[in-house]
Amino acid sequence: MRKAFLTVLMVVATIFSANAEKINFASLAPNKTQGTNASADNMISAFNLVFYSFDGGENYGISDYFLNPNGFGGEFNIRGNFESHGNYNFDLALNYTFEITKKDDLGLYLVLAAGPSLRLQDEAEINSKGKIEWNEKVKFDGIINPRLSVTYKNFMLSGGFFYWAPEFKFGDDAATGFNIALGYSF
């Protein structure tokens with residue numbers, strides 16, 4: 001029940017963020033020394049359908065990217081594997097976007113994103129009678145997602161490496177793979 005409620009809550013938050021007002025961060029700087037590209041006027045916001053592939057499994061989800069060429073932005077993902085005792089994650093990341101090229105309606109960007117992830121997952125425990133009981137646990141993880149993003153008019157295609165560190169355990173405990181996202185800017 002909690003999973004369903006949180007999933008609906010996250011979807012509603014995603015929908016409302018797609019029409020969020022753009023703030024001109026450059027005008028907030030006291031000395032206005034930010035670069036000409038690093039402003040909310042150039043910000044790219046895209047709502048995406050995303051596929052994640054890991055060793056031993058996949059996740060599917062939706063995301064909202066806020067890319068600020070040659071500046072900082074943010075993003076969040078809602079993803080899960082939709083198995084009966086699988087994971088559901090809510091990722092919130094800070095990103096930095098390097099504008100590689102921009103010509104007319106076509107743009108190519110390198111995006112480096114990292115941040116925390118809230119995970120809901122069932123864990124099996126054996127009770128005193130020897131039966132398996134599933135208990136829902138909340139975990140805090142970390143993610144790192146360097147990727148390339150291509151924009152054409154209102155469409156975005158992104159793909160890259162995805163590093164998921166359960167409970168911030170890096171190394172052998174981490175899940176590595178790739179993700180690919182197809183998005184549209186409203």
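Everything below is about the structure printed above this text.
Residues numbered from 1 in each chain as written. Predicted model: local features only at pLDDT ≥ 70, side-chain atom pairs only at ≥ 80, totals over all residues. Heavy atoms only, no water.

J.: Could you give me a rundown of the pairing of strand E4 (residues 87–103), with the residues and numbers involved?
T.: The sheet contact formed by strand E3 (residues 71–80) and E4 spans ten bridges and is antiparallel. Paired with Phe72 across the strands is Tyr96, a residue of E4. A loop of six residues connects E3 with E4, the two strands running antiparallel in sequence, and Phe82 in this loop sits at a positive phi of about 60°. In the sheet, E4 pairs with strand E5 (residues 106–126) via 14 bridges, with the strands oriented antiparallel. The partner of Asp91 across the bridge, within E5, is Ser117. (Pairing = 2+ DSSP bridges. Helix = DSSP H or I, 4+ residues; strand = E, 2+ residues; numbered from the N terminus.)

J.: How would you sum up unusual backbone geometry? Please name residues and give values.
T.: Peptide bonds are trans in most cases, and residues, glycine excluded, mostly fall at negative phi. With a phi angle near 60°, Asn70 is a residue other than glycine that sits in the positive phi range. Tracing the backbone through its elements, the reader meets Asn70 in the loop between strand E2 (57–67) and E3.

J.: Please provide a residue-by-residue account of the pattern of salt bridges, values included.
T.: Applying the stated criterion across every chain, the model contains five salt bridges. When the shortest N-O distance is used, the salt bridge between Glu75 and Arg147 registers 2.7 Å. With Glu75 in strand E3 and Arg147 in strand E6 (residues 132–152), this pair connects stretches of sequence that are 72 residues apart. Across the pair, Arg147 and Glu75 agree in class, each one buried. The residue Asp91 makes a salt bridge to Arg79 at a minimum N-O spacing of 2.7 Å. In this pair, Asp91 sits in strand E4 while Arg79 sits in strand E3, placing the two residues twelve residues apart along the sequence. Of the two residues, Asp91 and Arg79, both sit in the buried class. The network of salt bridges with shared partners includes Lys139, Glu167 and Lys169. (Salt bridge = Lys/Arg side-chain N within 4 Å of Asp/Glu carboxyl O. Buried < 20%, exposed > 50% of the residue type's maximum accessible area, 1.4 Å probe, protein only.)

By themselves, these observations are geometric and do not establish any function.
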